[in-house]
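# Examination of the molecular architecture
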Amino acid sequence: MVTLRRPPANAMNIELLEEMTEVFERLGQDKSLRSVVLTGQGNSFCAGVDLKAVPHYNDADQRRMVVALNRAFFAVYSFPGPVVGAINGHAIAGGLVLALCCDWRIAAKVQFLTGLTEVRVGVPYPVGAMEVVRQELRPDVLRHLVLFAQNITAAAAVEAGVFDEMVEPSSLLDRAMEKAGEFAALPQIAFMKTKRQIRSRAYEAIEAAIAGAEPVLNGWLSKETILAATAVLQRA
């Protein structure tokens, strides 16, 4: 089990993303490991990019952050074994992208929102995030969540196929472990190869972005981004 632990909302900064990449890459090399559960500590799964840090990023920080996002999403999305997401609370923006990187997604039956708010805060999608949401969401859901930055309830997300199932919060981790155990029985090599076949175009695009073909690598954040992020924080 891998748990995001960055109170209060497990928002993503550079260090968290780099650590996540290191953890999943290391676990991916463990041939004895059959499956992984990913969850968050507290009342949020992940609130996405830390908007409090964004206004202070210089050009080098921005480039490092974009690379860190692409690498972290790819490390989870391309993990050779099954990854079960135990979505314990709010999964917003990059937090929902991270949830979508999981192969099976279980939401806790609590009042929480999920959505892709990047447009609302003026943040362009790095390749890794866009490829994941394009691959994992139905076209109508993709349009509503990505283009218009709508938030929806967890129950609506299950109905839309964003999450696979919903359970009581007290049963969330037990259910996630149960599914992880079920998926662990699948033949490892066949699972890994089939997963790559399904996502081959997304994998290739993300790998190319990590190698340097990332359109937003330079100039990721604009003045519009800073103003929009500041406005969101003031309303919070």
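This structure is a prediction, so every number in the text was calculated from the model and none was measured. (Residues numbered from 1 in each chain as written. Predicted model: local features only at pLDDT ≥ 70, side-chain atom pairs only at ≥ 80, totals over all residues. Heavy atoms only, no water.)

## What about helix 2 (residues 59-77)?
Along its 19 residues, helix 2 runs 27 Å from first to last C-alpha, staying within 8% of the 27 Å computed at 1.5 Å per residue. Buried within helix 2 are the following residues: Q62, M65, V66, A68, L69, N70, A72, F73, F74, A75, V76 and Y77. The N-cap of helix 2, judged by a side-chain oxygen 3.1 Å from the amide nitrogen of A60 a few residues on, is N58. (Helix = DSSP H or I, 4+ residues; strand = E, 2+ residues; numbered from the N terminus. Expected span 1.5 Å × (residues − 1). Buried < 20%, exposed > 50% of the residue type's maximum accessible area, 1.4 Å probe, protein only. Polar contact = N/O pair within 3.5 Å; in protein donor to acceptor, adjacent residues only side chain to side chain.)

## Some thoughts on the pattern of salt bridges
Throughout the structure, instances matching the rule amount to 14 salt bridges. Measuring nitrogen to oxygen at the nearest pair gives 2.8 Å for the salt bridge that ties E131 to R134. With a gap of three residues between them, E131 and R134 both fall in helix 4 (residues 127-136), about one helical turn apart. By relative accessible area, E131 is classed as buried at 15%. Ionic pairing is found between E178 and R175, a salt bridge with its closest N-O pair at 3.2 Å. Placement of both E178 and R175 in helix 7 (residues 172-184) is noted, with a separation of three residues, approximately one turn of the helix. Each of D103, R105, E136, K195 and R199 takes part in a single network of salt bridges with overlapping partners. (Salt bridge = Lys/Arg side-chain N within 4 Å of Asp/Glu carboxyl O.)

## Topic: a nonpolar patch on the surface
A cluster of nonpolar side chains, namely M1, L173 and M177, defines an oily patch on the protein surface of about 300 Å² accessible area. Its location among the elements puts L173 in helix 7. The exposure class assigned to L173 is partly exposed, which follows from its relative accessible area of 37%. (Patch = residues over 30% accessible without salt bridge, like charges linked within 9 Å, V, L, I, M, F, W, Y side chains within 5 Å. Areas by Shrake-Rupley, 256 points an atom, 1.4 Å probe, with all protein chains shown as cover.)

## Brief notes about the environment of R63
Relative to the helices and strands, R63 is located in helix 2. It is 7.5 Å that separates the C-alpha atoms of R63 and W220, two residues lying 157 residues apart in sequence.

## A short note on the sheet that holds strand 7 (residues 113-115)
On the basis of which strands lie adjacent, the open sheet formed by four strands has the order 3-5-7-8 and mixed pairing. Each having just a single partner strand, strand 3 (44-46) and strand 8 (151-153) make up the two edges of the open sheet. On average, adjacent strands in this sheet sit at an angle of 30° to one another, irrespective of strand direction. In the sheet, strand 3 pairs with strand 5 (residues 90-92) via two bridges, with the strands oriented parallel. Within the sheet, the bridge partner assigned to C46 lies in strand 5 and is A91. (Pairing = 2+ DSSP bridges. Axes fitted to C-alpha atoms, helices over the stretch in contact; angles between N-to-C directions.)

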